[in-house]
Number of protein chains: 4
Amino acid sequence: MRLTPDASGVFPIAPTPFNPDGSVDWTSADRLFEFYHDIGSDGITVLGIMGEAPKLEPEESVGLVKRAVAKMGGKPIIVGVSAPGFAAMRSLARQAMDLGAGGVMIAPPPSLRTDDQITGYYAQAVEAIGTDIPFVIQDYPLTLSVVMTPAVIRKIVMDNPSCVMLKHEDWPGLEKISALRKFQAEGSLRPISIVTGNGGLFLDFEMERGADGANTGYAFPELLIDVVRLQKAGQRDAAHDIFDVHLPLMRYEQQQGVGLAVRKYTLAKRGILSHDAQRKPGSALSAAAKAEVDYLLARIAKHDRRAKI
Amino acid sequence: MRLTPDASGVFPIAPTPFNPDGSVDWTSADRLFEFYHDIGSDGITVLGIMGEAPKLEPEESVGLVKRAVAKMGGKPIIVGVSAPGFAAMRSLARQAMDLGAGGVMIAPPPSLRTDDQITGYYAQAVEAIGTDIPFVIQDYPLTLSVVMTPAVIRKIVMDNPSCVMLKHEDWPGLEKISALRKFQAEGSLRPISIVTGNGGLFLDFEMERGADGANTGYAFPELLIDVVRLQKAGQRDAAHDIFDVHLPLMRYEQQQGVGLAVRKYTLAKRGILSHDAQRKPGSALSAAAKAEVDYLLARIAKHDRRAKI
Amino acid sequence: MRLTPDASGVFPIAPTPFNPDGSVDWTSADRLFEFYHDIGSDGITVLGIMGEAPKLEPEESVGLVKRAVAKMGGKPIIVGVSAPGFAAMRSLARQAMDLGAGGVMIAPPPSLRTDDQITGYYAQAVEAIGTDIPFVIQDYPLTLSVVMTPAVIRKIVMDNPSCVMLKHEDWPGLEKISALRKFQAEGSLRPISIVTGNGGLFLDFEMERGADGANTGYAFPELLIDVVRLQKAGQRDAAHDIFDVHLPLMRYEQQQGVGLAVRKYTLAKRGILSHDAQRKPGSALSAAAKAEVDYLLARIAKHDRRAKI
Amino acid sequence: MRLTPDASGVFPIAPTPFNPDGSVDWTSADRLFEFYHDIGSDGITVLGIMGEAPKLEPEESVGLVKRAVAKMGGKPIIVGVSAPGFAAMRSLARQAMDLGAGGVMIAPPPSLRTDDQITGYYAQAVEAIGTDIPFVIQDYPLTLSVVMTPAVIRKIVMDNPSCVMLKHEDWPGLEKISALRKFQAEGSLRPISIVTGNGGLFLDFEMERGADGANTGYAFPELLIDVVRLQKAGQRDAAHDIFDVHLPLMRYEQQQGVGLAVRKYTLAKRGILSHDAQRKPGSALSAAAKAEVDYLLARIAKHDRRAKI
C-alpha cells in the first residue's frame, strides 16, 4: 500500500537480522516481519540507519524489501534510500516501489548547512527518484548534524507534493511538532503525517503535541502501540503509566552506538531474532551490559508480563 | 576544602540565578548554596556549562565563588575555568583558589581531534594554571565533540599529579567507567574520583560500574543523593525504585538546549530560585512545556512527597 | 574615526606581538602600528582571530586598542570583540569605542546552523553592545563552520543599521561578492563595505568582483595596497603581475595553523616585530619551514625589492 | 600492474566525464586516459572524490576501471573504493582487481575521531577487502574531518602489509611528510610511497620534504610531471619557476566546491573532455568565473605554451 499524508500509528524501524557469520538471516527476517504484522503495526521501515543499510549488498537490500512486502499484509513498507549519490538512491527507490513498497525515506547528507542547501537537496532528490514516489523526510540532527527549522520542513513539504510524512527525530523536538501543527492550523502547511523517532524516548508527550504515531525501533513495539492507542483514546494517565514502566529500558536502548546491540539482544531474547549479531563494523554488548538489560527486563516484567522472557 | 582523588558523593552543578532584568540574583544564589549544603551535598560545581559561565562578567564569576565558599561549610567548591585562552583560565583559577575553592574543572576546546592534541592540551592547561591546583577533567563528547578514550584519560591522569577527578559525561559511557576501573585494578592508573553527569540519566548503573557519585544538576539533587547512598549501601533494587520514579522528569530535563530552562523552572517552583530567568541568549519554556513539567512533577509526587510543590 | 559603510582600501589584521617570555611586546606593537600607518593603510583590525585575542588578559586587549588609536593617526581601528558570551562582548566593545576605536568585528559562534539562528545571533549581539556601535560581520566558514548565504548577510545588514562592513572570508567566495553587489544594484541591499580576508589569496579577483579592499594580515601589506590601488585604477594586468610575484608566499602563509607563525617570522625578519613568538598555545616554524620562507622571500625579492631582507 | 611501496611519480586523479544529459561520456573517458598515458603519467586514480564516484551506478564504476586499464598501457590504476559500508567496498575492490587494477584507495569515514577508531577502521577495511589487495590511505582532513597523526599513519602501515601508499592531503602538511620520512630513517616505519594531493598547491615543497610524487587532478598534469621531474633531478629553481607560472590557476582550481568545475572547464577547453558537465548535484561556473579562468590561462600561456588554448 502506498504511504499517504494521513498515515497514522506505529511504523517500527526494522533491524536487519544477521547470522553469526555475517550473512543475512532470512528466517529471522521473515519472523520479524510477521511479528510486526501480528502485533498490529501500521507499517514498517526497512533499510533505515538502525537497519545497517549501508552494510548491505544491493541484492540483499532488495531481498529485505521483498520479504517485508510479502509478510506485512499490504501495510505500507517504507524503504530507507539515503545514499551518497542520487544514482544509487534512484535505483533503490524505483526497485523498491516496483516490488510493492509504499514509499521511501530520505535523510539529508551531513554536509548540508544553510536552509537553501537543505531545500535544494530535497528538490534534487525528488527530481532524481521521480515525483511519483511518496517520500518521508528524516529530520535527525543528533546523528546527521543537519538542522531543519519548521519553516524549512514546511518549504520541502509545500514544494514537493510527493512528500507525505515527516520522521521527526529532532532532539529536543516537542516545540517543533507544535510549530508544524500551528503552521497547518494557520493554513500555511498542508496536512502531513508526523511520526517520531529517538527510540520513543519522548513518545508520551509527542502524541500530546500532535504526532500521529511512532517510527522507531524499540524492542517492544507493542509498548509504542499501547502509548499511541491510549493517547489517541484520550487516556493520558494510562498512556504515561505504561510508558514509564518501559522508560528505563528505552533510555538504555537509546544510547548512541550501542543502542542497536541492546535492541537486537532483546529481540533475540524474545525469540524474534535467532541471533543478536551485527554485520561488521558493529558493536556488541559486554557481559555487564547484558546483565543490566536482563535486570531491566525483569523489572519491567513486574508490571508488563510481555517482558517476562 | 581542597578536592582530593578520594572525593565521593554528589556534587551538584549549580545554575547561576538571574533576575528577570538579567542581573545576577544574589539572594537566590545564597539560598541555592544553602539548599545544596543542607540536603547533604558533598560539594558543588559553579561556573559549569549549565552555570551559563561564558555570559558572566569576571567580577560576577568571582562573586559566585565567594558566596559558594561562604555557604557550603567547608565542602569542596569546584570552579569551571574552561576558557578559549589560558590567560583567562589561569586568572580565574588562581583567584578562585585564593578565595577558598577546592579545585577547578577544565573542558577541552571543541577543535581537538587526535589523542596527542587532547593530552597536549591538558599539559598546557596545567602549566598555565600551575601544578598546585587540583583539577577535574570534563569528558563530554556530546556537547564538546572531543572524544577521549580511556587510554587518553589515563595518560592525562598519570602525567598530571594534580588531576584528581573525572567528570564522566560520555554518552554512552558505562563501558568507559568499567575500563577505567579495570586500568586501576591492573595498576596502570592511579585511583581517581569518577563522578558522572548527563543529568543523572544513567546514574543507576554508573554507580554499579564503579562511579563514586554524581556531578550534575538535576533539579532534585536529593534524588541523586538517594541513589548514590542506596547503591553504596548495596540496596540495588531500592536505588532503582527511587531512580525510576524520577526518570521521566530527568529525561525531560536532559533535553539539549532547553534542559536548563526545565531545571530553573523546577527550582523556582520549589522556591529555591526566585526566578527561572536565563541571561541572554537563553531559552524559555513554552506554556505547553511548563504544563508538561507540572504534570511530571505531580506524577512523581505520588511516590516522592518532595516533589509535591 | 568611526567606520562607515563607504570604507574602502586595506585594513591589515594586526598580529599581537609577544616577547619570548609570553608577555606582550609593547615596543613592537607601537612599531607595527606605525608601520601600518606609514605605508598608507586605511585602518587596521586588532584582536582578530590572527591577533591571538582569546589568549589576552582584558587589560592587555584594552592596551592594544589604546596604542593602535594613538599610532594610526585617526584612521579607523576595528576591534575584534567575538566572545562566548555577550557580557564580555559588550564590555570590550564599549571600552574600545570609549578609547576611540572606529567599530567592532563580530564572528558567529561555531554552533550556529540555521539561517534564523545566524540572523538571531547578530540581533542579540547588537542589542548587547548597543545600536550605536558600527560593526563588521565576519563571514569565515572554513574556521568558524558557520555558513551564511548572501540572503542571510543581506538580512543582517538590513535589520541592523549599525552594520557597516562585511569581512568576506568565505572560501570559495567570488560568487558571493557578485551576489551581494547584485542585491545592491537591485536595491534590496543598502551599500555596505566589503573587504576580504583569506590571507589575500583571491584578492586579485575579489577586487574585480566588487570588493572595496582587503582586511587580512599578509606580512607584506604593501602588496595588498598595491593590488587594491592598481585594480581601482583599472590597471588589471599590473595588479595581477605584482600579485603573482607574491602568491607563492601568500599561499605558504595561508596554511591553517602555521600561517600565523609564517607571518610573524616574516614580520620579524623585516624588523617590524622584535620576535616571532606566539603566546601559548602556539605553533612555531621548523628549521625546514624557515628555510622555505627564506627561499620564497629571496625569489620575491628578484621582482619586488621590498622583499630584500 | 600492481601498485607497490616504491611507486613514484605523478598519478593524476581522473575526473569522470559526463555528457550534458548526465550520462557517462565514454568517448571522453577513453581520450582522457590516453592523454594521461601519453604525457607520461606513472598511473592514475579513478573513482576518487573528484571523480564524482558516489554519483555513479555500480556498472558505470566498473566500466571506468575497465577503460582505464585498457588505455593506460599496464601502468597501475588506483581505484577509489571508499564507501559507507564494507560490503560495497569489498565488492568494488575485488571486481576492480579482477579487471586489472593495481590497488585501491580508502578514505576514513568522517565520524572517526580517536586514534584507535582510525586504526581500527583500516584493520576492518583490510579484513573486508582481503589482505591481498594493495591499498592507499587517503589522509584528507579538510574534507573528511578525520585527523591522522604521523604515528597513526605509521601504525596503519605497520599493521597492514598490504598498505603501499599514502595519499597525503593534509593541510598544512609539510611537517607530516618530514615526520614520516624521519620515522622511516629511524627504522620505525617501513618504506612507503607518499604522493600528495591538494591540487598540487604545495607540490614544490612537498617534493623537497620527501614526497615521491603527486596524486592530484590539476588540469595541467604535465606541470605536475615537470615539477616532480625537475625536483628529482635536483633542479630546484627550475621546478619553482615552472610551478609559479601555474600557481595562480592551481590556486583558483583548488577552491572547495567549484574546483572540479574549473578543472573540467579547462580540460574541455583543452579538447580532452568534450563537455565540462557534472552529474547532479554539481556546480557550474558562472560567466565571470569562466572569464577569470580564461584570463589565467592566457597569462600562463605567456610562459608555458601548453596553456595556449
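Now for a description of the structure that goes with this document. (Residues numbered from 1 in each chain as written. Chains lettered and ligands numbered in written order. Predicted model: local features only at pLDDT ≥ 70, side-chain atom pairs only at ≥ 80, totals over all residues. Heavy atoms only, no water.)

## A closer look at the pattern of salt bridges
In step 1: If you walk through the whole model with that rule in mind, you get 97 salt bridges over all chains.
In step 2: Across the salt bridge formed by D244 of chain A and R299 of chain B, the nearest N and O atoms sit 3.0 Å from each other. On the criterion of chain membership, the pair formed by D244 of chain A in helix α10 (residues 236-253) and R299 of chain B in helix α12 (residues 287-301) is interchain, its members lying in two chains.
In step 3: Residue R67 of chain C pairs with D30 of chain C through a salt bridge whose shortest N-O separation is 3.0 Å. (Salt bridge = Lys/Arg side-chain N within 4 Å of Asp/Glu carboxyl O. Helix = DSSP H or I, 4+ residues; strand = E, 2+ residues; numbered from the N terminus.)

## Focus on the sheet that holds strand β1 (residues 9-10) of chain A
Residue and element names in this part refer to chain A.
In step 1: As summarised here, the arrangement of the eight strands in space is β1-β8-β7-β6-β5-β4-β3-β2, forming an open sheet in which the pairing is parallel. Strands with a single pairing partner mark the edges of an open sheet, and in this sheet they are β1 and β2 (44-46).
In step 2: Note that β1 and strand β8 (residues 213-214) share two bridges and pair parallel. Counted as the bridge partner of V10 is A214 from β8. (Pairing = 2+ DSSP bridges.)

## Focus on the relation of the copies chain A and chain B
In step 1: Overlaying chain A with chain B gives an RMSD of 0.0 Å, the required rotation being 180° about an axis along which the chain moves by 0.0 Å. Both copies are brought into coincidence by an operation consistent with a two-fold rotation axis. (Least-squares fit on C-alpha atoms with pLDDT ≥ 70 in both.)

## Let's talk about the sheet that holds strand β7 (residues 193-196) of chain D
Residue and element names in this part refer to chain D.
In step 1: The strand order across the open sheet formed by eight strands is β1-β8-β7-β6-β5-β4-β3-β2, and the pairing between neighbours is parallel. The strands lining the two open edges of the sheet, one partner per strand, are β1 (9-10) and β2 (44-46).
In step 2: Bridge count for β7 against strand β8 (residues 213-214) is two bridges, and the pairing is parallel. If you follow V195 over to β8, its bridge partner there is G213.

## What about the interface of chain A and chain B?
In step 1: Each partner contributes residues to the interface: chain A has 32 residues there, and chain B has 32 residues.
In step 2: When the two sides are added together, the surface that chain A and chain B hide from each other amounts to roughly 2900 Å², 60% of it contributed by carbon and sulfur.
In step 3: The interface formed by chain A and chain B contains eight salt bridges.
In step 4: Between R251 of chain B and D204 of chain A there is a salt bridge whose closest N-O contact spans 2.9 Å.
In step 5: Connecting chain A to chain B are 15 residue pairs in polar contact (both at pLDDT 80 or more).
In step 6: Elements supplying a minimum of two residues to the side of chain A that touches chain B: α7 (174-186), α8 (203-209), α10 and α12 (287-301) of chain A.
In step 7: In terms of residue count, the dominant contributor to the side of chain A that touches chain B is α10 of chain A (10 residues).
In step 8: For the side of chain A that touches chain B, the residue count by class is 16 nonpolar, six polar and 10 charged. (Contact = heavy atoms within 4.5 Å. Buried area = accessible area lost by both parts, 1.4 Å probe. Polar contact = N/O pair within 3.5 Å; in protein donor to acceptor, adjacent residues only side chain to side chain. Nonpolar A, V, L, I, M, F, W, Y, C, P; charged D, E, K, R; others polar.)

## A look at the relation of the copies chain C and chain A
In step 1: Expressed as a screw operation, the relation of chain C to chain A combines 0.0 Å of axial shift with a rotation of 180°, fitting to an RMSD of 0.0 Å.
In step 2: Both copies share a contact surface, since 100% of the interface residues of chain C are interface residues in chain A too.

## Let's talk about helix α2 (residues 58-71) of chain A
Residues and elements named next belong to chain A.
In step 1: Across its 14 residues, α2 extends 20 Å between first and last C-alpha, which sits within 8% of the 20 Å expected from 1.5 Å per residue.
In step 2: Every buried residue of α2 is listed here: E60, S61, V62, G63, L64, V65 and A68.
In step 3: Turning to α2, the residues buried within the fold contact α1 (26-38), β2, β3 (77-80) and α3 (86-98).
In step 4: Downstream of α2 by a residue or two, G73 has a phi angle that is positive, lying close to 55°. (Expected span 1.5 Å × (residues − 1). Buried < 20%, exposed > 50% of the residue type's maximum accessible area, 1.4 Å probe, protein only.)

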